[in-house]
Amino acid sequence: MSLSLFKQCKQYNVPLLQCPSFLFVVMGLINITSIFTVFFIAQRYTEEPELVVGIVIGVSLVIFIISYVIVGTFTQLAETNRMKTEFLNIVSHQILTPLTSEKWLVNLLLGQKLGALNNEQKEYLELLKSSNTKSVQLVNALLNVSRIESNKMVFEKKPIDLKQLAQEVVSDEKPAIEASKIFLQILDQTNGKNQVIGDAMKIKLVAQNFISNAIKYTKENGQIMVILKGDGGFLKFSVIDNGVGIPSEEKPFIFQKFFRSSNVMRFQTLGSGLGLYVSKYIIDMLGGKIGFESEENKGSDFWFTLPIAKL
Amino acid sequence: MAKILFIEDEEALQKSLAKALEMEGFNVIGAYDGQAGIDAAIKEKPDLILLDLILPKIDGFEVLKRLKSSPETKDIRIIILTNLEQTQSVEKIIEYGPLNYLVKANYNLDEIVAKIREVLK
């Protein structure tokens, strides 16, 4: 126990004498010892109450000082955390400018209006374009984390056609789907009631995370089904794949920030470990539910629900 | 042919979007800071202004305020083209009514051009 205590203090990067968890234990020990000491002294020197009162005041003073240090360190940790979030936000915005320049310049060259490209040039520019897209997505994910941590994410609540949104995401992911020779199907089982209330850009991000994860973790010639169906006053959006699945010991951590499955390493895919964390926050804030069922080597079913729009 | 004023301090963005628009037949004027943007808006009377928000000399919020409060420029259509998420700037620009707002890192050039055509229609 004491060993893990020291380790924790080392991780916080504060000296032992300012480390809240360590000081808390010290305070507890002082408390207990002093209560016993006072008890014995009071028993022996019953005719000198001043002594007992003096000791009690002294002990209280020591505890007060220790508490003061603890509170100070907590404040410092909270401030550091706030600065980290702000730093993340500033850096991310700074990086977006050159990334946008790259994107547009590549667009311009690939448009071939400045001159025809040979196949090799085209191929390399396409690679540059897709790495640029990934960079932008990563920076956007970091920006979302900083917005979540500073409570600055704002949500629109408008009717959205979930089927159309699914089709848009699938069409964006087409190159990856074709590269992995995956069969992907959208099944609309809503009888036309496919409108939900929410924020289109943010729901699209969630759908993108689900679908691109399914593609990443499904082997060649795999199958992915995107299913829309009614569930009471809610619409359920599921992405079911027959991919590698999630090991059961990792299931509790799936929606945690920066969590990356051991599968990431095994299948050498990219991922920041932010997608599902951000997704859960978005769906929670829009009044829906998010979850998954998964079996290793069989596949996964990631789903979310959102309130159906009353037309 | 429609005249477009692009107020943006990043050279690569100026050049790439201007090129793309010129090839579509638009007449593009570039301004690299807020003051130059306001001057060009008054002098050139463009049909559309593309406005970044983080700019040298006078920032985009102030440019927007001045354009909207001057009778000469208040009717010019504006597209905000920035990397600031709308949620961060919405309080400062909401008084100018509904504006077209694009986060530029999320759009390809052809999507921006399509949006410009739509607004000019």
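Residues numbered from 1 in each chain as written. Chains lettered and ligands numbered in written order. Predicted model: local features only at pLDDT ≥ 70, side-chain atom pairs only at ≥ 80, totals over all residues. Heavy atoms only, no water.

Caption draft 1: Local environment of the environment of Lys 202 of chain A. Within the secondary structure, Lys 202 of chain A is located in helix α7 (residues 200-216). With a relative accessible area of 10%, Lys 202 of chain A lands in the buried category. Placed 39 residues apart in sequence, Lys 202 of chain A and Lys 163 of chain A show a C-alpha to C-alpha distance of 15 Å. With residues up to four places along the chain from it excluded, the contact list for Lys 202 of chain A reads Met 153, Val 154, Phe 155 and Ile 282 of chain A together with Glu 85 of chain B. (Helix = DSSP H or I, 4+ residues; strand = E, 2+ residues; numbered from the N terminus. Buried < 20%, exposed > 50% of the residue type's maximum accessible area, 1.4 Å probe, protein only. Contact = heavy atoms within 4.5 Å.)

Caption draft 2: Structural view of the sheet that holds strand β4 (residues 77-82) of chain B. Residues and elements named next belong to chain B. Ordered in space as β2-β1-β3-β4-β5, the 5 strands form an open sheet in which the pairing is parallel. Every interior strand has two partners, whereas the edge strands, β2 (27-31) and β5 (100-103), have only one. Going across the sheet, the axis of each strand differs from the next one's by a mean of 20°, ignoring polarity. Sheet analysis places strand β1 (residues 3-7) next to β2, joined by 5 bridges and oriented parallel. Bridge pairing links Ile 4 to Val 28 in β2. The strands touched by helix α5 (residues 109-120) within the sheet are β1, β3 (48-51), β4 and β5, with β4 carrying the most contacts at an inclination of about 160°. (Pairing = 2+ DSSP bridges. Axes fitted to C-alpha atoms, helices over the stretch in contact; angles between N-to-C directions.)

Caption draft 3: Inspection of the UniProt feature "modified residue: 4-aspartylphosphate" (unreviewed entry) in chain B at higher detail. Residues and elements named next belong to chain B. In this structure's numbering, the residues bearing the UniProt feature "modified residue: 4-aspartylphosphate" (unreviewed entry) are Asp 52. Counting through the fold element by element, Asp 52 comes out in the loop between β3 and α3 (60-69). For Asp 52, the residues in contact, after removing those within four places along its chain, are Ile 7, Glu 8, Asp 9, Gly 60, Leu 81, Thr 82 and Lys 104. Side-chain polar atoms of Asp 52 contact the side chain of Thr 82, separated by 3.5 Å. (UniProt positions renumbered as here; feature names shortened; annotations may be inferred. Polar contact = N/O pair within 3.5 Å; in protein donor to acceptor, adjacent residues only side chain to side chain.)

Caption draft 4: The arrangement of the interface of chain A and chain B in detail. Between chain A and chain B, the residue contacts involve 21 residues of the former and 23 residues of the latter. Lys 113 of chain A is paired through a salt bridge with Glu 24 of chain B; the nearest N and O atoms lie 3.2 Å apart. Our count for the chain A to chain B interface comes out at 7 residue pairs in polar contact (both at pLDDT 80 or more). Among the elements of the structure, α3 (49-110), α4 (119-149) and α7 of chain A are those that each provide at least two residues to the side of chain A that touches chain B. Among the elements that take part in the side of chain A that touches chain B, α3 of chain A stands out by supplying 11 residues, more than any other. The residue makeup of the side of chain A that touches chain B, split by class, is 8 nonpolar, 7 polar and 6 charged. (Salt bridge = Lys/Arg side-chain N within 4 Å of Asp/Glu carboxyl O. Nonpolar A, V, L, I, M, F, W, Y, C, P; charged D, E, K, R; others polar.)

Caption draft 5: Looking closely at the nonpolar core. Grouped together as the largest cluster of nonpolar side chains are 45 residues, with contacts concentrated most on Leu 162, Ile 211, Phe 237 and Phe 304 of chain A. Broken down by element, this core gets its largest block of residues, 7 residues, from α7 of chain A. A domain-level breakdown of this core finds at least three residues from each of domain 1 (1-153) and domain 2 (158-307) of chain A. In this structure, Ile 29, Ala 40, Leu 53 and Leu 55 of chain B belong to the second largest nonpolar core, which totals 25 residues. (Core = buried A, V, L, I, M, F, W, Y, C linked by side-chain atoms within 4.5 Å. Domains from an automatic or database assignment.)

Caption draft 6: Structural context of the pattern of salt bridges. Taken as a whole and judged by the stated rule, the model has 23 salt bridges over all chains. Ionic pairing is found between Arg 82 of chain A and Glu 79 of chain A, a salt bridge with its closest N-O pair at 3.0 Å. Of this pair, Arg 82 of chain A and Glu 79 of chain A both sit in helix α3, 3 residues apart, which is roughly one turn of that helix. The exposure class of Arg 82 of chain A is partly exposed, given its relative accessible area of 41%. Of the charged contacts in the structure, one is a salt bridge between Lys 3 of chain B and Glu 44 of chain B, with a shortest N-O distance of 3.2 Å. Note that Lys 3 of chain B is positioned in strand β1 and Glu 44 of chain B in helix α2 (residues 34-44), a separation of 41 residues in sequence. Its relative accessible area of 25% is what places Glu 44 of chain B among the partly exposed residues. Ionic contacts of the salt-bridge type, sharing partners, join the residues Glu 79, Arg 82 and Glu 86 of chain A into one network.

Caption draft 7: Structural context of the packing of aromatic side chains. Residues and elements named next belong to chain A. Per the stated rule, a full pass over the model turns up 7 aromatic pairs over all chains. Aromatic pair Phe 210 and Phe 304: ring centres 5.9 Å apart, planes at 55°, arrangement tilted. Residue Phe 210 is located in helix α7, and its partner Phe 304 is located in strand β7 (residues 299-307); the two are separated by 94 residues in the primary sequence. For Phe 210, a relative accessible area of 3% translates into the label buried. Ring pairs connect the aromatic residues Phe 210, Phe 237, Phe 255, Phe 292, Phe 302 and Phe 304, which therefore count as one cluster. Against the face of Trp 303 rests Lys 236, its NZ or CZ located 4.9 Å from the ring centre. (Phe/Tyr/Trp six-rings, centres within 6.5 Å; stacked < 30°, edge-to-face > 60°. Lys NZ or Arg CZ within 6 Å of the ring centre and 35° of its normal.)

Caption draft 8: The packing of helix α5 (residues 162-172) of chain A against α7 of chain A, seen in detail. Residues and elements named next belong to chain A. In contact at an axis separation of 10 Å, α5 and α7 are set at 55° when each is read in the N-to-C sense. Our classification of the angle between α5 and α7 gives oblique. As for the relative orientation of α5 and α7, their crossing is right-handed in sense. On the side of α5, the interface is formed by Leu 162, Leu 165, Glu 168, Val 169, Val 170 and Asp 172, while α7 contributes Ala 200, Ile 203, Lys 204, Ala 207, Gln 208 and Ile 211. Its residues assigned to classes, the contact of α5 with α7 shows 8 nonpolar, 1 polar and 3 charged. (Parallel < 35°, antiparallel > 145°, perpendicular 65-115°, else oblique. Left-handed = near helix turned anticlockwise from the far one by under 90°.)

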